[in-house]
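Structural description and commentary
Residue strings, one per chain:
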Amino acid sequence: MKKTSTKKHMIRWFILCLPLVLTILLRLFWNKKGFADWYASTIFPFFPNTIGRLFSPIPFSVYEWILYVLAFFCLSFLLYLLVTFIRWIYVRIQSMRGKRRKLSFRQNRSSSHKKQSLFRIIYAITFLVCWGIFLLHATDLINYRRTSVAVDFGLTMRPSSVKDLTALCEELAKDLNTLSKQIEVDEEGLLKLPSTYEQDAKKAMEQLGKTYPAFSGYYPNPKPVTFSRGMSHLNLTGMYSPFTIEANYNKDAPSYNIPYTICHELAHLKGFIREDEAGFIAYMACSSSNDPTLRYSGTLSAFIYATNALYSTGDTKDYQKIFNQLSKQVLRDIQYNSFYWNQFEGTISDVAESANDLYLKANHQEDGVQSYGRMVDLMLALYHSK
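Since the model is a prediction, treat every value here as computed from it, not as a measurement. Each chain has its residues counted from 1, running along the sequence as written. In view of the model being predicted, local features appear only for residues whose pLDDT reaches at least 70, and side-chain atom pairs are presented and counted only at 80 or more, with totals across whole chains, interfaces and linings using the full set of residues. No hydrogens and no water enter the side-chain calculation; it runs on all heavy atoms of the structure.

A few points about the overall build of the protein chain
Along its length, the protein chain carries 16 helices and three strands. Split into buried and exposed, the 386 residues of the protein chain put 42% on the buried side. When checking whether two residues touch, look at their non-hydrogen atoms; a contact exists if any pair is within 4.5 Å. Sequence separation of 24 or more characterises 77% of the internal contacts of the protein chain that already satisfy a separation of 6 or more. In this text, helices come from DSSP runs of H or I with a minimum length of four residues, and strands from runs of E with a minimum of two, each type numbered from the N-terminal end. Burial classes: relative accessible area under 20% of the type maximum marks a residue as buried, over 50% as exposed, and values in between as partly exposed (1.4 Å probe, protein chains only).

Looking at helix H13 (residues 316-324)
If you check which residues of H13 are buried, you get Tyr319, Ile322 and Phe323. Taken down its axis, H13 places every buried residue within 100° of arc, on the same side. What points out from H13, more than 90 degrees from its buried face, is the exposed set Lys317 and Asn324. In this structure, the buried side of H13 is in contact with helix H7 (162-179), helix H12 (292-312) and helix H14 (328-342). Relevant arc is that of directions from the helix axis to the C-beta atoms, nothing else.

What about the packing of helix H10 (residues 257-268) against H12?
Working convention: axes come from line fits to C-alpha atoms, limited for helices to the stretch in contact. Angles between N-to-C directions cover 0 to 180 degrees. With their axes 7 Å apart at the nearest point, H10 and H12 run at an angle of 85° to one another. Comparing the axis directions of H10 and H12 gives the class roughly perpendicular. Between H10 and H12, the contacting residues are Asn257, Pro259 and Tyr260 on the first element and Leu294, Ser297, Gly298, Ser301 and Tyr305 on the second. We call Asp, Glu, Lys and Arg charged. Ala, Val, Leu, Ile, Met, Phe, Trp, Tyr, Cys and Pro are nonpolar, and the rest, Gly among them, are polar. Here the contact of H10 with H12 is composed, by residue class, of four nonpolar, four polar and no charged. We call two directions roughly parallel when the angle between them is under 35 degrees, roughly antiparallel when it is over 145, roughly perpendicular when it lies between 65 and 115, and oblique otherwise.

So, the sheet that holds strand S3 (residues 246-249)
One bridge is not enough; two strands pair if DSSP finds at least two bridges between them. Across the sheet, three strands lie side by side as S1-S3-S2; this open sheet has mixed pairing. Each edge of the sheet is formed by a strand with only one pairing partner; in this case those strands are strand S1 (223-224) and strand S2 (238-241). Across the sheet, H10 touches S2 and S3, and the angle it forms with S3 is around 155°.

Remarks on H14
In an α-helix, one full turn covers 3.6 residues, which means residues spaced three or four apart are oriented alike. Working rule for helices: expected span equals 1.5 Å times residues minus one. Relative to the 21 Å expected for 15 residues at 1.5 Å per residue, H14 spans 21 Å between its end C-alpha atoms, a close match to the ideal helical length. Of all the positions in H14, only Gln329, Val330, Asp333, Ile334, Asn337, Tyr340 and Trp341 are classed as buried. The arc that holds the buried residues of H14, viewed along the axis, is 135°, so those residues lie on one side. Those residues of H14 that are exposed and aimed more than 90 degrees away from the buried face are Lys328, Gln335 and Phe339. Among the structural elements, H7, helix H9 (228-233), H12 and H13 are those in contact with the buried residues of H14.

Quick word on the confidence of the model for the protein chain
Where the model shows low pLDDT, its predicted coordinates should not be examined in detail. A residue-level look at the protein chain finds 86% of positions with pLDDT of 70 or above and a mean pLDDT of 87. Across the protein chain, the secondary-structure element scoring lowest on mean pLDDT is helix H15 (residues 347-362), at 47, and the one scoring highest is H10, at 98. Contacts of residues 359-363 to residues separated by more than four positions or lying in other chains number 16 contacts, the stretch itself having pLDDT below 50. Predicted confidence is poor over residues 367-372, with pLDDT under 50, and the contacts of this stretch with residues over four places away or in other chains come to 17 contacts. As a per-residue measure, pLDDT reflects the predictor's confidence and takes values from 0 up to 100.

Some points on the packing of H12 against H13
To characterise two packed helices, one gives the angle between the axes of the helices and the distance between these axes. Two elements in contact, H12 and H13, have axes separated by 8 Å at closest approach and are oriented at 150°. Classified by the interaxial angle, the pair formed by H12 and H13 is roughly antiparallel. Note on element contacts: H13 touches H12 through Thr316, Asp318, Tyr319, Ile322 and Phe323, opposite Phe303, Thr307, Leu310 and Tyr311. By residue class, the composition of the contact of H12 with H13 is six nonpolar, two polar and one charged.

A look at the nonpolar core
Phe280 and Phe303 are the most contacted members of the largest nonpolar core, which has 80 residues in total. Ranked by the residues each element gives to this core, the list is headed by H12, at nine residues. Setting aside chain neighbours within four positions, we find Phe303 in contact with Cys169, Leu172, Ala173, Leu176, Ile322, Phe323, Leu326 and Ile334. Within this scheme, the nonpolar core is defined by two criteria: the residues are buried Ala, Val, Leu, Ile, Met, Phe, Trp, Tyr or Cys, and they are joined through side-chain atoms within 4.5 Å.

In structure tokens:
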């Protein structure tokens, strides 16, 4: 009986220590030259092909509901600890008054059972935390160390002048004016998404993989977040889950942004975690699609990034000139985008942005949230290559 109990304890400790050992090994090797690239191409695909494939058929975001359940459990556990502590204080006071000098056998047994239950709860929490830390490293953090996506696209990064940036913005504006005549609009005059937009975005990524091998392979189904309004308050259009390997998107966001966001999140599922790179991949996938809706979504998203960069240079004259050339349809979608996000400005969105900024900086994206605009450098490299 004692040997069996010892064996169970050893198995429990092994299961608990294994993810921590694996995490330490990853952190020891991930800065070694070439290791992150090797890992991304050989080990990382295991996760979308197993965990991602497992959760893909489920029509809702499993990760979203895990977060809700986790929040409820944490509050319940804290309440349980508080009640237990209050009861312990009460028993101690009663004991000091001499009203409970000796516990009965039944009370001793009940107390022992409660201790065992508390131990099991703490073990389960520790188990989940340990494996969660490992998955976070194995499916997310290590991929920040891989080589730039510019290598996969065969692009050469080099400094660009304001003149180059202006020319890029003008080219994107011309493409937008052409595409705006090919898309469908709703009763409010905004871009209308087809019912197949999720699968269209997924196909666009698969099509990109036929030209660039780094993006080939299996893609799980994208998932809309049920309470997307909450994501809007956090200034989020999409969310990659490193634990369930899901590509989640904000279904309440302006329609032009949704196909681009889906491709952006699917790019994360290929191990491209840097935000600027995932954005550029989404632009490449959308702009090379046969669907005018996706091309419009990708081009308009890229245009906003590029013109924001142009405005930050202080060249407001060319900036305004380019916007004056846009069709009414494009301007309508841009104006609605500004209106939509302005209503969520406040403390919550500021805190969320600050937290995201710290997370990005902690993972070698030194520009923090400014790295979202760095995809313009990749677009300029593509522009030069043409």
